[in-house]
Amino acid sequence: MNKCVSREDFERIGIVEFRRSARARRLSIYLSPHQPVKVILPWHIPFETAYQFVMKKQAWIQRHQVKLHSLKAADTYKGDYPLVTRNYQVNLIPATSMPIRIALENNVISIYQPSEMAITHPDIQAALKMGLVAAWRREAHQHLPERVTKFAQLGGFRYKNVFIKNLKSRWGSCSTHLNINLNLHLMRLPDELIDYVIWHELVHTQIPYHGAQFWNELQRWDRNVTGKRHIFRELARAGFLANVFMTYEQFWHRCTLKE
Ligand SMILES: [Zn+2]
């Protein structure tokens, strides 16, 4: 844990915590939604330098605080950006009466929204989630088993079945019976991250545990294991799986703020 050396109240950006780190090489500013701004100081940088740095960067910090604030609100969809999957787009259609209906056809997820319900109504939010999950499930069935077959042939891995599941905390798993479970939420990620998870589970068919041998084998099939593990850690920290309305682009933006 980094030691907090000072908390200062800045006029434009609110509380800023200054923390010392033995490992940090550069002065950096961290922003996360609804938390004080954190400034990490390497040992060799005097507090006064860091303070002046924040003073100069106030406008920049403020701009990003506004963006973060709007991302934080993204677990409720307000219709302010289009909801799209790889093949489908959400279309909210005004309806005169209950109940809410959801239909998937011709690359459209139609949600019939009764006039007495605002878009933020929990039932509409639930319908939006159901529609998205149904679309991702279809896409997952189209894309994932085929990909697993191809990679297994390429790498000489054997497995029994691929199951597509709506999982809350994991991207994939491999059972001792060599069944591979893949999360339908993978369809929210770019191909290279999906491929990483597939290779990861295929390697588990031979090596169940995450030891050096496992990572070395995985590295043979995916050249950027370190980079991708980092992204998956960040996805977990951002609560990406739990927040179905967060797109990968929004997540990525949120990630790159922490410069
Ligand atoms: Zn694993």
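**Digging into the overall build of the protein**
Step number 1: Along its length, the protein carries six helices and 10 strands.
Step number 2: In terms of principal-axis extent, the alpha carbons of the protein reach across some 60 × 60 × 25 Å.
Step number 3: Across the 259 residues that make up the protein, the buried fraction comes to 23%.
Step number 4: Taking as baseline every contact in the protein between residues at least 6 positions apart, the subset at least 24 positions apart corresponds to 45%.

**Points about the environment of K67**
Step number 1: Relative to the helices and strands, K67 is located in helix α1 (residues 47-72).
Step number 2: Between the C-alpha atom of K67 and that of V5, which follows or precedes it by 62 residues, the distance is 28 Å.

**Quick look at helix α3 (residues 191-204)**
For an α-helix the count is 3.6 residues per turn, leaving residues at separations of three or four pointing the same way.
Step number 1: Between its first and last C-alpha, α3 extends 20 Å over 14 residues, near the 20 Å set by a 1.5 Å rise per residue.
Step number 2: With 10 of its 14 residues buried, α3 lies for the most part within the structure.
Step number 3: Residues I194, Y196, V197, I198, W199, H200, E201, L202, V203 and H204 constitute the buried set of α3.
Step number 4: The inward-facing, buried residues of α3 contact α2 (122-155), β9 (172-174), β10 (180-183), α4 (212-221) and α5 (225-237).

**Focus on the pairing of strand β1 (residues 3-10)**
Step number 1: Little of β1 is tucked away: zero of the eight residues are buried.
Step number 2: Judged from the seven bridges that link them, β1 and strand β2 (residues 14-21) form a sheet pairing that is antiparallel. Bridging from a neighbouring strand, D9 pairs with I15 of β2.
Step number 3: The hairpin turn running from β1 into β2, its antiparallel successor, is three residues long.

Analysis parameters
Residues numbered from 1 in each chain as written. Predicted model: local features only at pLDDT ≥ 70, side-chain atom pairs only at ≥ 80, totals over all residues. Helix = DSSP H or I, 4+ residues; strand = E, 2+ residues; numbered from the N terminus. Buried ≥ 20, exposed ≤ 12 C-beta atoms within 10 Å, placed from the backbone. Contact = placed C-beta atoms within 7 Å. Expected span 1.5 Å × (residues − 1). Pairing = 2+ DSSP bridges.

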